[in-house]
Amino acid sequence: MSVNISNRSFRPYTGEKARITRAYDYLILVLALFLFIGAFHLHFALTVGDWDFWVDWKDRQWWPLVTPLMGITFPAAVQAVMWEKFRLPMGATLCVTALLIGTWIARIFAYHYWNYFPINMVLPATMLPGALVLDAILMLSNSLTITAIFGGAAFALLFYPSNWPIIGMFHVPVEYGNAQLSIADLFGFEYIRTGMPEYLRIIERGTLRTYGQYATPLSAFCSALLCTLMYTLWWHIGKWFATVRYLNKI
Amino acid sequence: MATTSEQLPAFSETQSKIPWYVQDLPLYLKGFGILTVIYIGLRLYQGAFAISSGLDSSEPAFEEYWMRLFYIELSVLAIFVSGVWGYLWISRDRHLDTLDPKEEIRRYFTLTMWISIYTFAVYWAGSYFAEQDNSWHQVAIRDTPFTANHIIEFYFNFPLYVILGGCAWLYARTRLPLYAKGVSLPLTLAVFGPFMILVSVGFNEWGHTFWFREEFFAAPIHWGFVIGVWFALGVGGILLQGVTRLTELLDGLEEAP
Amino acid sequence: MKTLIIKCLMALGLVLSVYSFNVQPVMAHGEKALEPFIRMRTIQFYDVEWDKQKFNVNEQVSVSGKFHVAEDWPVSVPKPEASFLNISTPGPVLIRTERYLNGKPFMNSVALQPGGDYTFKIVLKGRLPGRYHIHPFFNLKDAGQVMGPGVWLEIAGASANFTNSVKTINGELVDMETYGLSNGILWHIFWGVLATAWLLWWVRRPLFIARYRMLQAGMEDELVTLNDRLIGKSILIGVPVLVLAANMMTVNQYPNTIPLQASLDQILPLSAQVNAGVVDVETLKAEYRIPNRAMMFTLKINNRSDKQIQIGEFSTANVHFLNKELHVPSQVGSESMTAPEGLSMDNTAPIQPGEQRTMTITATDALWESEKLDGLVRDADSRIGGLLFFYDEHLGERFISSITAAVIPKFN
C-alpha cells in the first residue's frame, strides 16, 4: 500500500492541510515517545536487567557484551521504518533517549525514594553516543549493509569508553575485610539487597577471560560482531512489524 | 471520542476554537490526566503502605491493605472494560460507506489519540512499575504472586493497557472504513502481542513458584514478557497505514487557508 | 481539566488518610511461604543475639549467632555450594559494614558444608531512622531465603546526618552516599543535551505525512539537506573523538582501577558443635497430630557423657519448644516464636551417664500452624529436621543433636 505521487505534480501542503499534517506529527511524536519508553525499557530491563541496574554488575566481560547487543534491537527496528519510509535518521537516538528517560525515572522514584538505595548505586549506562553515530551513519550512507557493519560495530565499540567516565571511579580499589574490593563491590556489600545475593552476579565468568588483561576490548569486539548481525536482524524485524496488510479475518 | 456519521457535527458551524480535526483533544488530554492521577496515586499508596503492611502476605494487614486493593482493581477494571468496549461497539457507525472524508480524517486523529493513550499506559506498565518490581524484590521476599508491586503491575497495569489497546482496535474497527473492511495486521499485532504479556504472568508465577527462586531480572523466565513487547513495533505499520490513507484523503480535500 | 485532576487527587488523599489511621507494621518477611522442609532442614540457626535494639543513625549494631547446616539436606534443594549471609531489611535502612563466619571476615558468597557448624557475626550501621523488623538470613543458591530469628530494631536520629566514608587504597576518603553521583548525572546530561539537539533538529520540520509524500514523489535528495549531512559528518567524527578523549581523561585520572571482584569464599566449618559424639540421638519415628498441633518424636538416646542430662529444648525453623520443668534460657529476644511450655516427655527422669533410653517427646503449640510448619504433611518432601538441646543438671553444659525423620500425619 502506498500513494503514487509524481515528482512533477508534487505540491507541498499549505494552509489547513499543512496544519493538519503538523498536528498529526505532534500526536505521533507523543505516542512514539511513551511507546518507546515503555516497550524498549521493558525489553531492556528484562534482557540486560541487573547489568544496568547495579553498579556492582557493570563488569568488563559481560556488561559491554550484553548491553549493546540488547540495546541495538529497538533502534534498528525503528530506524527501518523511520528511515525507509520518512528519511528520518533519528530512530536510534529516539529509542535510546526514551529508554534513558524511563530508566532515570525508575531509578529515582522506585530505587531511591521508595526503597532507599542511593542513586549512585543504580546509575544507568548510556548508549547515546553510539546511537548518535548509528543515526549519522545511516543518514550518510543510506545503506543497511554499511550501517549494520560500521554503525553496529560503532554502537558496540563506543559503549565501554562512553561509560568509563561514569563508572571508572567506582573501580578504585579499597581494602576491606582483609580483601581487595572495588568501590562498586563495596556498594553491593554495604547497601543491603534481600533478593540480590552476591553469587547471583554474572560477572567475570569463564577461564582465559582476560587474555593478559585484555578482557574489555575482546568483549567489545565480540559485541561489535554480534551487533552487526543483530542490527540486520532487527532491521528486518522492524520492517516485518511495520506491515500495512489488512487481513480478512484474525 | 465516538461520534458516528449519523451524528456528524457540521464543521463550519462549530463554535469551538479547537480545529475540527482535533475535536477530541480535550478528551485526550483528560485521558492523560486521569491516567496520571491513577498511576501516581497507586505509587503514593505503595509509598504509604508497602513497607508497613506489604512485606508478608500471611499477615492480616496484607489482606486488608493489598488484597482488598486487588479486589477493588479487578472490580473497577471489569466495570470499565464492559462499559467502554460495550459503548464503542454499540455506538458503532453503521454507514461507513457514506463517511465524509473530513470526518474520516478526524477519526484518524482520534484513533491516533486512542493509541497514544494506550502507549501511555504501556509506559507505566512496561517502564516505571516494571523496573520498580526489581527494586521491590530487593526489599520484600517474594512469598506470593500478589506482592505489593505485582498487585498494581500485573493485575491493574497490564489489564488496563490491554483494555485501552482493545479500545483503539475497536474504535478503528467500528469507525474507519479501511479498518472495518479488513483487519489491520499491524494494529492487531500491536494490541494482541502486548496482551500476551498479561498471559506470560502465569508462566512467570509458575516458574517462580516451582523452580526459580532467585530475583535475577534478565532470567529466561521473564523473556515471555520481552517477546510480547516486541509486538508494540506494529505501531510502525499503523503509522504507515494512517499516513497513506490521510495522504489520500488530504489530496482529495479542498484547499483551505 | 485542572478541577478534574484536583478532584481525583482529593479523593485519593481521602482514601489514603482513612487508611493511614491504623497500620500495624508486620513482623515477618514472607518466610512462611518457603516450604517447611527447606526451613527446617537447611540452615538451623540458634543462639542468635543482637547487642542492642535501640540505637542512633550512624551507630553500629551487631548480630551474632550460630547455625548448623543440616545433614539431611532436602533432595530438591541444590547443595549450599554458594550461599550468602544476608539481612532482611525494608531496603538499606541499615548498611552492612562487617561480616564474619567462624571469626573470619568475608565479603562474597561462601560454600557451606552439610553437617557443618558455624558461628557468624554481622555488623550494621543505622542509616534511616524508624522501627524495623530485621532478620539475619541465608540466600541459598536456587533454593531461596532461609530466615534466622527476627527482632525489632529502633533507629533514632536524622537520616541527613548519616555518613558513610570509606578510605581507598590510595588513601582518598570518599563518601559512599554521593560518590560519583554528580559526575554521572553530568555525563548523562551532556549526552542527553546532544541527543535532544539532534532530535529537535529533525522534529522542528514537517515530519511524517510531508516527508512520506516527498519520498514517494522521488524527492529524496531534498529530505536530507547539505546542513544535515554536515551535522552528520560532525557527529561521525566528533562523538567518537569526544568519547575516546573523555575515556582517556578518566583513565589518567584513575590509573589504578580493578575489575569487579568475583571470588567464592571458602571457610571451613568449626569442629563439631552439633552431633559432637557425646550424646547420640536416633529418631525412630515422628508423628504429627493435626488436631492437637503436636509433633511426637520417638527417640533413642545414648548419653555417652559423664553427666546426667535432660532435654531442655527442641528448635526448628526458629520456633523454640521449651521444657518448662527445666527453665532453660530463651534463645531469642522476641517471645513470639517460643512455646515456653511446648515440650513434654513421657519420662522426665534425667538420663544417666552411659544410659541408653528410648523415649517419646512431644512438641505442642499453635506455632506449628501459625508458622505454617504443619504444611509439611502436604509436601512432597515431608521430612522434619531440628535441633535437640540437652542440659546437664546445673544447666551449665549443653549438648546439641540434630534430629530428622519422615513425618507421619494423624488427621484425627
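Because the structure is a prediction, the values reported are computed rather than measured.

Asker: Pulling in residues and values, what's your account of the overall build of chain B?
Answerer: Tallying secondary structure elements over chain B gives eight helices and one strand in all. The order of helices and strands in chain B, counted from the N terminus, is α-α-α-α-α-β-α-α-α. Its C-alpha atoms give chain B principal-axis dimensions of about 65 × 35 × 30 Å. Here chain B displays about 9,000 Å² of accessible surface, and carbon together with sulfur accounts for 68% of that area. Averaged over its 15 positive side-chain charges, chain B has a centre that lies 7 Å from the centre of its 24 negative ones.

Asker: So what about the interface of chain A and chain C? Which residues, and what values?
Answerer: Across the boundary between the two partners, chain A contributes 96 residues, which contact 97 residues of chain C. Between chain A and chain C, a total of about 8,500 Å² is buried, with carbon and sulfur atoms accounting for 70% of that surface. By the criterion of area lost to chain C, the three top residues of chain A are A:F189, A:I192 and A:Y199, representing 10% of everything that side buries. Summed over the shared surface of chain A and chain C, the result is one salt bridge. Run the count over chain A and chain C and you get 36 residue pairs in polar contact (both at pLDDT 80 or more).

Asker: Requested: an account of the sheet that holds strand β17 (residues 309-316) of chain C, with residues and values cited.
Answerer: Residue and element names in this part refer to chain C. Sheet architecture is closed into a barrel: eight strands sit in the order β15-β16-β20-β19-β18-β17-β21-β22, paired in mixed fashion. Within this sheet the neighbouring strands show an average axis-to-axis angle of 30°, counted without direction. The pairing of strand β16 (residues 294-303) with strand β20 (residues 356-364) spans nine bridges and is classified as antiparallel. Note that in β20 the partner of M296 across the bridge is T362.

Asker: How would you summarise the packing of helix α7 (residues 144-157) of chain A against helix α10 (residues 215-241) of chain A if you had to cite specific residues and measurements?
Answerer: All names here are of chain A. Packing of α7 against α10 brings their axes to within 7 Å, and their N-to-C directions diverge by 135°. The angle between the axes of α7 and α10 places the two elements in the oblique class. With respect to the hand of their crossing, α7 and α10 are arranged in right-handed fashion. Here L144, T147, A148, I149, G152, A153, A156 and L157 of α7 lie close against α10, whose contacting residues are A220, F221, S223, A224, C227, T228, Y231, T232, W235 and H236. Split into classes, the residues belonging to the contact of α7 with α10 amount to 12 nonpolar, six polar and no charged.

Asker: Hey, could you go over the packing of aromatic side chains for me, with residue numbers and the actual values?
Answerer: Tallying each qualifying case throughout the model produces 72 aromatic pairs over all chains. When the centroid spacing of 6.5 Å and the interplanar angle of 70° are considered together, the rings of B:Y39 and B:F156 count as edge-to-face. Of this pair, B:Y39 sits in helix α1 (residues 25-53) while B:F156 is found in helix α4 (residues 150-175), placing the two residues 117 residues apart along the sequence. Consider the rings of B:F154 and B:Y155, whose centres lie 6.1 Å apart with planes at 80°: the pair is edge-to-face. Residues B:F154 and B:Y155 agree in their burial class; the two are buried. The rings of A:F34, B:Y28, B:F32, B:Y39, B:F120, B:Y123, B:W124, B:Y128, B:F129 and B:F156 are connected pair by pair, giving a single aromatic cluster. Positioned above the aromatic ring of C:W152, the side-chain terminus of C:R131 is 4.1 Å from the ring centre. Sitting over the face of the ring of C:W201, C:R204 holds its NZ or CZ atom 4.0 Å from the ring centroid.

Asker: Which residues make up the domain arrangement of chain C, and what are the values?
Answerer: As a measure of interface size, the accessible area lost when the parts come together is often cited. Segmenting chain C into domains produces domain 1 (22-169), domain 2 (181-253) and domain 3 (279-410). Placing the centre of domain 2 of chain C and that of domain 3 of chain C at their C-alpha centroids yields a distance of 72 Å.

Asker: I'd love a proper account of a nonpolar patch on the surface, names of residues and values included.
Answerer: Residues and elements named next belong to chain B. Nonpolar side chains collect at one region of the surface, where F203, W206, F210 and W211 lie side by side and expose about 490 Å² of accessible area between them. Mapped onto the secondary structure, W211 falls in the loop between α6 (185-210) and α7 (223-230). By relative accessible area, which is 45% here, W211 ends up partly exposed.

Asker: Hey, could you go over α6(B) for me, with residue numbers and the actual values?
Answerer: All names here are of chain B. Given a rise of 1.5 Å per residue, 26 residues ought to cover 38 Å, and the 37 Å separating the end C-alpha atoms of α6 matches this to within 8%. The largest bend in α6 is about 30°, located at V199. The opening residue of α6, the one whose side-chain oxygen lies 3.2 Å from the backbone nitrogen of L187, is S184.

Asker: Which residues make up the state of the cysteines, and what values do they have?
Answerer: This structure, assessed with the given rule, holds zero disulfides over all chains. With no disulfide of its own, A:C95 has A:C227 as its nearest cysteine by sulfur position, at a separation of 14 Å.

Asker: Any chance you could break down the sheet that holds strand β1 (residues 43-50) of chain C for me, citing the residues and the numbers?
Answerer: Residues and elements named next belong to chain C. Ordered in space as β1-β3-β8-β5-β6, the five strands form an open sheet in which the pairing is antiparallel. This sheet does not close on itself; its edge strands, each paired only once, are β1 and β6 (104-105). When strand β5 (residues 94-101) meets β6, the two strands line up antiparallel, connected through two bridges. What sits directly across from Y100, in β6, is P105.

Asker: Break down the side chain of B:E153 for me, with residues and values.
Answerer: All names here are of chain B. Mapped onto the secondary structure, E153 falls in helix α4. Within polar-contact distance, the side chain of E153 engages the side chain of N157 at 3.0 Å. Setting aside anything within four residues of it in sequence, one finds E153 in contact with W124, A125, F129, A130 and F158.

Reading guide: rules and limits
Residues numbered from 1 in each chain as written. Chains lettered and ligands numbered in written order. Predicted model: local features only at pLDDT ≥ 70, side-chain atom pairs only at ≥ 80, totals over all residues. Heavy atoms only, no water. Helix = DSSP H or I, 4+ residues; strand = E, 2+ residues; numbered from the N terminus. Areas by Shrake-Rupley, 256 points an atom, 1.4 Å probe, with all protein chains shown as cover. Lys, Arg positive; Asp, Glu negative; His and termini not counted. Charge placed at Lys NZ, Arg CZ, Asp CG, Glu CD. Contact = heavy atoms within 4.5 Å. Buried area = accessible area lost by both parts, 1.4 Å probe. Salt bridge = Lys/Arg side-chain N within 4 Å of Asp/Glu carboxyl O. Polar contact = N/O pair within 3.5 Å; in protein donor to acceptor, adjacent residues only side chain to side chain. Pairing = 2+ DSSP bridges. Axes fitted to C-alpha atoms, helices over the stretch in contact; angles between N-to-C directions. Parallel < 35°, antiparallel > 145°, perpendicular 65-115°, else oblique. Left-handed = near helix turned anticlockwise from the far one by under 90°. Nonpolar A, V, L, I, M, F, W, Y, C, P; charged D, E, K, R; others polar. Phe/Tyr/Trp six-rings, centres within 6.5 Å; stacked < 30°, edge-to-face > 60°. Buried < 20%, exposed > 50% of the residue type's maximum accessible area, 1.4 Å probe, protein only. Lys NZ or Arg CZ within 6 Å of the ring centre and 35° of its normal. Domains from an automatic or database assignment. Patch = residues over 30% accessible without salt bridge, like charges linked within 9 Å, V, L, I, M, F, W, Y side chains within 5 Å. Expected span 1.5 Å × (residues − 1). Bend = angle between axes of the 7 residues up to and from the residue. Disulfide = S-S within 2.5 Å.

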